[in-house]
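Below, each chain spelled out in residue letters.
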Amino acid sequence: MLRQRKSMSVLIALMMLLVTILTSCSKANTASENTASPSASGDEGSNESITLRMSVWGAPAEVAAYKFAIKKFEAQFPNVKVDLQHIATDYDTKLTTMVAGNDVPDIAMMESGSIAFPLGEQGKFYNLQEFLDTDPDINVDKLVPNIMYSLEPGNVIGIGPGPESFGLFYNEDIFKDAGISPPPAKVSEAWTWDEFVDVAKQLTIDNKGRNAKDPDFDPKNIKQYGVNASTWWGIYSNFIYSNGGDFISADGKTFGLNQPEAVEAIQKVADLMNVHHVSPSPVQAKNIPATNVALQTKKVAMAIDGQWTTANLAQSKFNFNVGVLPVMKEPVTTVVAGMFSIFKSTKHPQESWELLKALLDPEAAIDMITSGTWMPSYKDWYTDPELIAKWTEGLDSRPSGYKDAIIDVILTKSHQTPTGYVKNFNKIMDVVNPALDKVWLGQQTAQEAMDAIAPKAQAQVKGRRDIPQ
Amino acid sequence: MRISKLRLGAGYTALIIISGMFIIPFLWLIRSSLMDLSQIFTMPPEWIPRPFHWDNFQRALTFLPFDTFFRNTTIIVFSVLIGTVLTSSIAAFGFSRIEWRGRDTVFAILMTSMMLPAAVTIIPSFLGWQKLGFYDSFYPLIVPAYFGGGIFNIFLLRQFYLTIPLDFDEAAYVDGATYFQIYMRIILPLSRSAIIVVALFSFLASWNDFMGPLIYLKSDNLFTLALGLQMFQGTYTAQWDLLMAASAAVVLPCVIVFLLGQRYFLEGITLSGLKG
Amino acid sequence: MRKGLFYGLLFTAPAILGFIIFTLGPMIASLVLSLTDYNVFKDQTSFIGFDNYSRMFSGEDELFYKSLGVTFYFVVLRVPAVIILSFFIALLLNMNVKGRAIFRTIIYLPSIVPAVASAMIWMWLLNPDLGLLNSVLSWLHLPTSNWLYAEGSVIPSVVLTTLWGIGSTVIIFLAGLSGISKQYYEAIDVDGGGWYSKLRHITIPMVSPTIFFNTIMTIIGSFQVFNEAYILTEGGPNNKSLFYVFYLWRTGFRDTEMGYASALAWVLFLIIMFFTYFVFKTSKFWVHYEGGGRT
């Protein structure tokens with residue numbers, strides 16, 4: 001019996017030893033890391049070196065661009081080191097655990113549709129308005145509209161590194177071969193919805209080569225779709241706004257998607273799929289790849305997508321171009337953008353603000369901008385011809401239609417993303433999306449579907465962020 | 001056991017059909033890893049890359065510090081493997097071959113650890129490890145393996161131990177063997193198949209674990225392969241060709257481990273010889 | 001079997017300690033949080049009694065019942081499908097056929113292909129227009145389906161995709177089958193019994209401990225289905241694949257209502273515990289242990 005106890009304790013001791021040895025390898029690394037990044041005291045102005053932590057998501061190319069901007073920033077502020085934390089997926093889950101553990105970064109990229117506002121509502125972010133009011137270099141007027149996110153008027157929780165608007169991207173060769181004139185780039189010449197549908201019909205080809213105008217056209221075997229309009233709210237919001245509708249009424253009190261303007265816009269987008277058969281249904285869309293591949297492989301002739309897609313298009317070697325979105329009543333584009341926010345817990349708010357400014361500076365983020373992923377955040381980059389040339393001329397990512405179709409629209413015809421001003425947006429959409437599934441599949445009209453859920457959606461309406469309470 | 005030719009033929013046919021269906025995801029991964037972006041998404045799908053993009057692998061594996069990721073993963077995986085096999089096989093012995101008051105109640109309580117969705121325990125667990133000062137280290141990923149290695153494995157081994165006739169233990173007790181000797185000399189050798197299954201599962205689970213490293217690691221010099229793979233995916237955009245190549249490269253060691261490992265539970269041990 | 005509280009506790013000590021140190025704390029924490037309005041981002045958390053639970057059962061939260069129904073449907077379809085299919089495949093793989101090492105590896109392959117890669121496969125296999133399954137069905141002149149994209153067929157389709165991942169279950173069955181002595185079968189041969197009586201009287205009783213294990217684990221796993229909704233369906237169409245844990249995760253992390261999510265989790269905990277207990281209780285009628293007949 002004694003022997004048995006002894007052998008057990010030997011075994012347990014061995015196990016413990018093993019764990020210690022194996023894990024000590026890992027600890028050695030962190031130890032050296034930790035000494036290099038002490039959380040320096042808040043001594044302002046001294047030359048003591050400080051480290052700012054920043055978390056971002058993004059594809060590898062975007063991360064490379066952040067690193068470039070950071071390097072420029074570090075050169076300018078030699079006493080500041082930036083520790084970039086790249087959280088590629090499940091960003092919100094990770095950030096939530098970091099918040100729970102009081103281990104948040106100083107500055108973080110945030111998304112208006114997820115946890116940015118919930119964090120802001122609990123006072124976790126600095127009000128950037130205070131910095132904007134006193135900063136000698138930038139102020140609100142210098143920034144492009146709709147890239148600031150406010151909890152309520154005057155309380156800015158985040159500023160986007162640049163706006164992202166929508167355009168009608170297309171494969172030039174398809175239009176050339178079909179002898180059809182491509183989508184106009186100038187807003188003044190924009191297609192009406194009917195003109196757009198007509199062209200899309202001509203470019204939707206079945207596997208026998210017949211287009212959607214042919215009476216024998218076979219919608220079950222489509223080889224090339226005229227257009228790809230996905231069922232993401234980001235896409236159809238453009239047309240709701242263009243038609244004068246909104247997700248929520250101007251006073252923030254009433255659910256808006258069952259109003260005639262919004263219903264008509266949604267119905268028209270759904271009709272692209274189910275009536276005209278010129279755009280893949282949600283089912284068929286599962287096999288339509290990203291816009292750059294879809295256009296290059298001629299799966300679709302045109303695609304309604306965000307301007308960020310130009311980054312990928314630039315790397316696909318084919319003749320693509322961009323036109324302005326078709327217009328229902330008014331030409332409008334939704335502007336979506338990520339944002340940078342500064343956590344209240346930072347010990348270095350001023351340095352964080354400088355870093356945020358550095359990330360906003362088009363000059364520093366020039367690689368992200370010329371690659372096509374971002375657009376500049378400063379207004380003068382849209383008005384000063386010299387500056388415009390910097391990011392639009394001689395670049396693969398900026399085709400000839402880009403200036404008219406994307407740039408000119410941003411300053412005057414843009415609308416903020418609904419996630420930026422509709423309170424409780426996700427909960428409202430949890431009610432709306434299942435109903436829209438039926439509309440996209442052609443099982444219900446937009447009016448029926450939206451009327452059916454209007455009371456439930458109304459129960460989730462909590463007001464707007466862009467009007468005083 | 002004799003098998004009639006007819007049944008063997010039918011068995012073969014069924015196996016080939018089933019294997020044909022089960023190999024599709026893997027073939028898909030391999031062929032995608034050798035294609036350029038546009039061919040990956042061609043519909044209906046093509047199966048032969050034109051041309052073969054072997055450079056995908058080189059680009060994918062040099063894009064991120066995969067040597068560091070590989071080293072970290074190896075440290076974690078083997079630490080977990082050893083801990084799991086050691087402690088789960090011992091614990092299972094205590095839950096099946098020794099009778100003690102409250103044993104089945106204790107076992108039932110341990111079973112409950114699998115029944116609460118992890119989504120609500122992630123944060124409390126994280127806070128616990130952080131309090132102990134082990135955030136951003138391998139400890140949270142490794143240490144639990146040395147404390148039972150998870151009830152799944154204990155339960156699995158318990159089920160196998162229970163199939164071994166008690167006469168063996170009794171005979172050994174009569175000869176003056178201790179519990180530990182019975183565990184080492186009778187139970188372990190007779191449960192070789194199950195132990196290898198546990199080793200295999202623990203290898204694969206920790207090799208592919210993504211949530212654990214995501215939550216508990218912060219410095220990128222500690223990142224694992226599974227975490228590295230996500231970086232190609234991004235939140236909104238994926239670099240599919242590189243993602244597929246890197247995935248294939250990460251999956252390959254698993255396939256090899258499995259091919260080698262399955263040999264050991266292929267041939268079952270016969271109890272007959274011992275039973276006499 | 002010898003009695004021995006001391007040795008029993010000694011051998012199980014690592015597991016018991018591990019449970020107390022690593023698991024019990026977080027479990028109790030979430031139980032307590034389920035009685036609060038815990039929001040990770042909020043500095044103040046207040047105790048609200050059973051409000052979270054009454055919110056669930058009062059009918060105020062329609063999605064609670066909806067996701068529970070969806071999940072039950074999934075469990076009812078999936079558990080028998082997984083057990084029967086994997087047992088059948090394990091029997092095939094246990095035959096003395098050439099190349100079974102390769103066959104075994106192939107059956108396990110889908111379990112190790114990363115989810116993002118295999119998600120693309122399901123999109124293609126189950127595509128109503130171009131997918132392999134519908135092509136085969138229409139070639140056989142059978143009716144086709146909209147699979148993941150129709151309200152009626154989404155759950156069966158998700159079950160179908162999960163069947164590719166039964167590799168582990170098959171392997172556990174194989175390990176169980178490998179422990180059966182050939183002598184038992186030879187006895188049946190002597191008595192002149194066929195394959196059915198071998199299956200009925202030898203194979204099934206002998207692997208019943210493994211069947212028991214796999215059934216319990218499949219039940220526990222199926223109730224907690226998450227990835228398929230997260231990657232494949234996002235709960236659609238029309239919430240018809242809004243699995244319970246997916247809804248719970250969305251509530252806790254996206255909507256930051258972690259207190260309510262904890263309450264949701266504990267209700268599922270009780271449901272899973274009930275079914276596990278139930279199967280454990282039935283086991284004495286059908287699970288056969290060489291080593292003493294106890295569960």
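In every chain, residue numbers begin from 1 and rise along the written sequence. Lettering of chains starts at A and numbering of ligands starts at 1, both following the order in which they are written. In keeping with the predicted nature of the model, local features appear solely for residues at pLDDT of at least 70, side-chain atom pairs appear and are counted solely at 80 or more, and the whole-chain, interface and lining totals rest on all residues. Only hydrogens and water are set aside; all other atoms, that is, all heavy atoms of the structure, feed into the side-chain values.

- For chain C, the name recorded in an unreviewed UniProt entry is ABC transporter permease subunit, with Paenibacillus monticola as its organism.
- UniProt positions are given in the numbering used here, feature names are shortened, and annotations may be inferred rather than shown by experiment. In its Sequence similarities (unreviewed entry) section, UniProt records this for chain C: "Belongs to the binding-protein-dependent transport system permease family."
- The annotation that UniProt attaches to chain C under Subcellular location (unreviewed entry) is "Cell membrane".

- As named in an unreviewed UniProt entry, chain A is Extracellular solute-binding protein, taken from Paenibacillus monticola.

A closer look at the overall build of chain C
Next, step 1: Broken down by element type, chain C carries 13 helices and 0 strands.
Next, step 2: Think of it this way: any DSSP run of H or I at least four residues long counts as a helix, any run of E at least two long counts as a strand, and we number them from the N terminus. Element order for chain C, N to C, with α for helix and β for strand: α-α-α-α-α-α-α-α-α-α-α-α-α.
Next, step 3: Taken along its principal axes, the extent of the C-alpha atoms in chain C is 75 × 65 × 30 Å.
Next, step 4: When each of the 295 residues of chain C is scored for burial, the buried share is 60%.
Next, step 5: Any pair of residues with heavy atoms lying within 4.5 Å of one another is described as a contacting pair. Sequence separation of at least 24 residues holds for 63% of the intrachain contacts in chain C that already meet a minimum separation of 6.
Next, step 6: For chain C, the computed accessible surface area is about 12000 Å², with 66% contributed by carbon and sulfur atoms.
Next, step 7: By the counting rule applied here, Lys and Arg register as positive and Asp and Glu as negative, while His and the ends of each chain are not counted. For this purpose, a charge sits on NZ of Lys, CZ of Arg, CG of Asp or CD of Glu. Here chain C holds 18 positive side-chain charges and 16 negative ones, and the gap between their average locations is 14 Å. For each residue, the accessible area found with a 1.4 Å probe, counting protein chains only, is set against the maximum for its type, and the residue is called buried under 20%, exposed over 50%, and partly exposed in between. Note on areas: these come from Shrake-Rupley sampling with a 1.4 Å probe, and a residue is covered only by the protein chains present in the view.

A closer look at the overall build of chain A
Next, step 1: A count of helices and strands for chain A gives 20 helices and 13 strands.
Next, step 2: Each of the 469 residues in chain A was classed as buried or not, and the buried ones make up 59%.
Next, step 3: Partitioning the intrachain contacts of chain A with sequence separation of at least 6 by distance along the chain shows that 73% fall at a separation of at least 24.
Next, step 4: Of the roughly 18100 Å² of accessible surface on chain A, 51% is carried by carbon and sulfur atoms.

Describing the sheet that holds strand 6 (residues 166-171) of chain A
Residue and element names in this part refer to chain A.
Next, step 1: Pairing is mixed across the open sheet formed by 5 strands, whose spatial order is 7-8-9-6-10. Edge positions in the open sheet fall to strand 7 (205-206) and strand 10 (320-323), since each of these has one partner strand only.
Next, step 2: Bridging between strand 7 and strand 8 (residues 222-228) involves 2 bridges; their strand directions are antiparallel. Bridge pairing in strand 8 links isoleucine 205 to glutamine 224.
Next, step 3: Here an angle of 0 to 180 degrees is reported between the N-to-C directions of two axes, which are lines fitted to C-alpha atoms, with helices fitted over the stretch in contact. Of the strands in this sheet, strand 6, strand 7, strand 8 and strand 9 (300-306) are in contact with helix 7 (residues 193-202), which crosses strand 9 at around 135°. Any two strands are treated as partners once DSSP identifies two or more bridges connecting them.

Description of the packing of helix 3 (residues 62-93) of chain C against helix 8 (residues 167-177) of chain C
Residues and elements named next belong to chain C.
Next, step 1: Relative to each other, helix 3 and helix 8 sit at 50°, their axes nearing to 8 Å. Between helix 3 and helix 8, the interaxial angle falls into the category oblique. Considering only the axes of helix 3 and helix 8, their crossing is right-handed. Each of Val82, Ile83, Ser86, Phe87, Ile89, Ala90, Leu91 and Leu93 in helix 3 lies in contact with helix 8, whose residues at this interface are Thr169, Val170, Phe173, Leu174 and Leu177.
Next, step 2: We call Asp, Glu, Lys and Arg charged. Ala, Val, Leu, Ile, Met, Phe, Trp, Tyr, Cys and Pro are nonpolar, and the rest, Gly among them, are polar. A class-by-class count of the residues in the contact of helix 3 with helix 8 yields 11 nonpolar, 2 polar and no charged. An angle counts as roughly parallel when it lies under 35 degrees, as roughly antiparallel when it exceeds 145, as roughly perpendicular when it falls between 65 and 115, and as oblique in every other case. Two helices cross in a left-handed way if the nearer one is turned anticlockwise from the farther one by less than a right angle. They cross in a right-handed way if the turn is clockwise.

Examining the environment of methionine 429 of chain A
All names here are of chain A.
Next, step 1: Residue placement: methionine 429 occurs in helix 19 (residues 425-440).
Next, step 2: Accessibility expressed as a relative area gives 3% for methionine 429, which makes it buried.
Next, step 3: Once residues within four sequence positions are removed from consideration, methionine 429 is found in contact with Trp233, Tyr236, Phe247 and Pro434.

Re the UniProt feature "domain: ABC transmembrane type-1" (unreviewed entry) in chain C
Next, step 1: UniProt tags residues 68-279 of chain C as "domain: ABC transmembrane type-1" (unreviewed entry).
Next, step 2: Taken as a whole, residues 68-279 of chain C contains 75% helix and 0% strand, while its terminal C-alpha atoms sit 20 Å from one another.

Some remarks on helix 6 (residues 103-111) of chain B
Next, step 1: Buried within helix 6 of chain B are the following residues: Arg103, Phe107, Leu110 and Met111 of chain B. Within helix 6 of chain B, the buried residues cover an arc of 105° as seen down the axis, which keeps them to one side.
Next, step 2: Buried-residue contacts for helix 6 of chain B involve helix 5 (66-96) and helix 9 (151-161) of chain B together with helix 1 (5-33), helix 10 (195-223) and helix 13 (258-286) of chain C. Throughout, the arc means that of the directions going from the helix axis to the C-beta atoms.

Description of the domain arrangement of chain A
Residues and elements named next belong to chain A.
Next, step 1: Split by domain assignment, chain A resolves into domain 1 (50-163 + 337-360) and domain 2 (164-335 + 418-464).
Next, step 2: With centres defined by C-alpha atoms, the gap from domain 1 to domain 2 works out at 32 Å.
Next, step 3: Between domain 1 and domain 2, the contact holds 10 residues from the first and 6 residues from the second.
Next, step 4: Among the residues of domain 1 in contact with domain 2, Gly113, Asn146 and Pro163 are the three that bury the most area, contributing 49% of the side total.
Next, step 5: Whenever Lys or Arg places a side-chain nitrogen within 4 Å of a carboxyl oxygen from Asp or Glu, that contact is recorded as a salt bridge. On inspection of domain 1 and its partner domain 2, the count reaches 0 salt bridges. For the domain bounds, the source is a domain assignment made automatically or taken from a database. Two parts placed together each lose some accessible area under a 1.4 Å probe, and the buried area is that loss summed for both.

Some thoughts on the confidence of the model for chain C
Residue and element names in this part refer to chain C.
Next, step 1: Per-residue confidence for chain C gives a mean pLDDT of 89, with 97% of residues at or over 70.
Next, step 2: Here pLDDT means the predictor's own confidence in every residue, given as a number from 0 to 100. Within chain C, no element has a lower average pLDDT than helix 5 (residues 115-125), which sits at 78, and none a higher one than helix 3, at 96.
Next, step 3: The ipTM assigned to the predicted complex is 0.91, against a pTM of 0.89.

Overview of the packing of helix 1 of chain C against helix 13 of chain C
Residue and element names in this part refer to chain C.
Next, step 1: It is the contact of helix 1 with helix 13, at a shortest axis distance of 7 Å, that shows an interaxial angle of 115°. Crossing geometry of helix 1 relative to helix 13 is assigned as left-handed. Residue-level contacts link Met27, Ser30, Leu31 and Leu33 of helix 1 to Gly259, Ser262, Trp266 and Phe269 of helix 13.
Next, step 2: Across the contact of helix 1 with helix 13, the residue classes break down as 5 nonpolar, 3 polar and no charged.

Here we look at the pairing of strand 3 (residues 107-110) of chain A
Residue and element names in this part refer to chain A.
Next, step 1: By the alternation rule, side chains of strand 3 split into Ile107 and Met109 and Ala108 and Met110, which are all buried.
Next, step 2: Pairing between strand 1 (residues 50-56) and strand 3: 2 bridges, direction parallel. Paired with methionine 54 across the strands is isoleucine 107, a residue of strand 3.
Next, step 3: Bridging between strand 3 and strand 12 (residues 339-342) involves 4 bridges; their strand directions are antiparallel. When the sheet's bridge partners are listed, methionine 109 is paired in strand 12 with phenylalanine 340.

A short note on the packing of aromatic side chains
Next, step 1: Pairing of aromatic side chains requires ring centres within 6.5 Å, counting the rings of Phe and Tyr and the six-membered ring of Trp. Pairs whose planes differ by under 30 degrees are stacked, by over 60 edge-to-face, and all others tilted. Inspection of every chain in the model, using the stated rule, returns 79 aromatic pairs over all chains.
Next, step 2: Seen in terms of ring centroids, phenylalanine 125 of chain A and phenylalanine 343 of chain A are 5.0 Å apart; in terms of plane orientation they differ by 65°. Their pairing is edge-to-face. Of this pair, phenylalanine 125 of chain A sits in the loop between helix 4 (116-121) and helix 5 (128-134) while phenylalanine 343 of chain A sits in the loop between strand 12 and helix 13 (349-360), and the two are 218 residues apart along the sequence.
Next, step 3: The interplanar angle of 80° and the centroid separation of 5.5 Å between the aromatic rings of tyrosine 173 of chain B and tyrosine 179 of chain B together place this pair among those described as edge-to-face.
Next, step 4: Tyrosine 179 of chain B sits in the buried class, given a relative accessible area of 5%.
Next, step 5: Aromatic rings pair up to connect Phe95, Trp100, Phe107, Phe152, Phe155, Phe201 and Phe258 of chain B together with Tyr108, Phe212, Phe213, Phe280 and Trp286 of chain C into one cluster.
Next, step 6: For a lysine, the NZ atom is tested; for an arginine, the CZ atom; a charge sits over a ring if that atom is within 6 Å of the ring centre and within 35 degrees of the ring normal. Taking the ring centre of tyrosine 378 of chain A as reference, the NZ or CZ of lysine 142 of chain A above it sits at 4.6 Å.

Concerning the pattern of salt bridges
When the charged atoms of two side chains with opposite charge come close together, those side chains can pair.
All names here are of chain A.
Next, step 1: In total, this model carries 29 salt bridges over all chains according to the counting rule given.
Next, step 2: Residue lysine 186 is joined to aspartate 404 by a salt bridge in which the shortest nitrogen-to-oxygen separation is 3.2 Å. With a gap of 218 residues between them, lysine 186 in the loop between helix 6 (172-178) and helix 7 and aspartate 404 in helix 17 (residues 402-412) connect regions that are remote in the sequence.
Next, step 3: By relative accessible area, aspartate 404 is classed as buried at 18%.
Next, step 4: One continuous salt-bridge network, built from bridges that share partners, spans Asp135, Asp137, Glu354 and Lys357.

Quick notes on the interface of chain C and chain B
Next, step 1: At the interface, 99 residues of chain C touch 103 residues of chain B.
Next, step 2: Interface area for chain C against chain B, summed over the two sides, is near 9300 Å², with a carbon-plus-sulfur share of 78%.
Next, step 3: For the interface between chain C and chain B, the tally reads 0 salt bridges.
Next, step 4: Within 3.5 Å is the distance limit for a polar contact, defined as a pair of N or O atoms, with the added protein rule that one can donate a hydrogen and the other accept it, and that residues adjacent in sequence qualify only through two side-chain atoms. Linking chain C with chain B are 7 residue pairs in polar contact (both at pLDDT 80 or more).
Next, step 5: With 19 residues, helix 1 of chain C is the single largest residue contributor to the side of chain C that touches chain B.
Next, step 6: By residue class, the composition of the side of chain C that touches chain B is 70 nonpolar, 21 polar and 8 charged.

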